Amino acid sequence: MLLKLSPSELATLTTALKRAGDKEIGGQLFGEQVEPSHFRVSTMTLQARPGTFSRFLVDILQAVRDATRFFDRTHHQYRRYNYIGEWHSHPSFEVRPSGVDVQSMRDLVRDPDFKGSFAVLMIVRLRADKFEAGAWLFDPRGFEQNVKLELDA
Ligand SMILES: [Zn+2]
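What you see is a predicted model, and the numbers here were worked out from it, not measured in a lab.

**So, the coordination of the zinc ion**
Then, in step 1: In this structure, His88 (NE2), His90 (NE2), Asp101 (OD) and Asp101 (OD) serve as the protein donors to the zinc ion, at separations of 2.0 to 2.7 Å.
Then, in step 2: With four donor atoms in place around the zinc ion and angles of 53 to 156 degrees between them, the coordination shape is irregular.
Then, in step 3: The motif formed by the donor residues of the zinc ion, counted along the single chain, is H-x1-H-x10-D. Of this pair, His90 sits in the loop between β4 (81-89) and α3 (99-110) while Asp101 sits in helix α3, placing them eleven residues apart in sequence.

Pasting the structure below:
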């Protein structure tokens, strides 16, 4: 799978990472399907409540509110514009999911209420002001794969 990130969303994210310092922050990824297995992330939400130095917890109420706003704005064209996944930062660790991160994503996609066919987890950090990111795909059947990230031109 290929994910393209919009430069403006990336700039906003970089600012948020600088401001958050050593606290983990995160949110959701929404975007557009360009081709099968090729998505453009157009919206990265930022959860108001940060995490700690080593843990980020999703605020479900804000997640639902942010999702509703995205679906309203894209006129509920779910086939084209949809939820892509989650992101959070690892200011003090490598941009790889922790054991807890992997388990949370497996729980998310296997939940009977989960409506999508997959969810991506993107982990980001600033190291000496340089942006680093990694992303992984999870699906309800247990399929897991590294996701390629590119900057959208
Ligand atoms: Zn994590």
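**Let's talk about helix α1 (residues 7-20)**
Then, in step 1: The end-to-end C-alpha distance of α1, which contains 14 residues, comes to 20 Å, matching closely the 20 Å that a straight helix rising 1.5 Å per residue would cover.
Then, in step 2: Inspection of α1 places Glu9, Leu10, Leu13, Thr14, Ala16, Leu17 and Ala20 among the buried residues, and these make up the whole buried set. For α1, the angular spread of buried residues about the axis comes to 165 degrees, placing them on one side. Those residues of α1 that are exposed and aimed more than 90 degrees away from the buried face are Ser8, Thr12, Lys18 and Arg19.
Then, in step 3: Looking one or two places after α1, you find Gly21, whose phi comes out positive at around 60 degrees.

**What to know about the nonpolar core**
Then, in step 1: Of all hydrophobic cores here, the largest spans 23 residues; its most connected members are Leu29, Ile84, Trp87, Val120 and Met122.
Then, in step 2: Those elements that provide at least two residues to this core are β1 (2-5), α1, β3 (38-44), β4, β5 (119-127) and β6 (130-138).
Then, in step 3: With five residues, the single largest contributor to this core is α1.
Then, in step 4: Apart from residues lying up to four places away in sequence, Leu29 is in contact with Val41, Thr43, Met44, Tyr83, Ile84, Gly85, Glu86, Trp87, Val120 and Met122.

Analysis parameters
- Residues numbered from 1 in each chain as written.
- Predicted model: local features only at pLDDT ≥ 70, side-chain atom pairs only at ≥ 80, totals over all residues.
- Heavy atoms only, no water.
- Donors = N, O, S within 2.8 Å, 3.2 Å for Na, K, Ca; no water.
- Tetrahedral: all angles 85-135°; square planar, octahedral: opposite > 155°, others 65-115°.
- Helix = DSSP H or I, 4+ residues; strand = E, 2+ residues; numbered from the N terminus.
- Expected span 1.5 Å × (residues − 1).
- Buried < 20%, exposed > 50% of the residue type's maximum accessible area, 1.4 Å probe, protein only.
- Arc of directions from axis to C-beta.
- Core = buried A, V, L, I, M, F, W, Y, C linked by side-chain atoms within 4.5 Å.
- Contact = heavy atoms within 4.5 Å.

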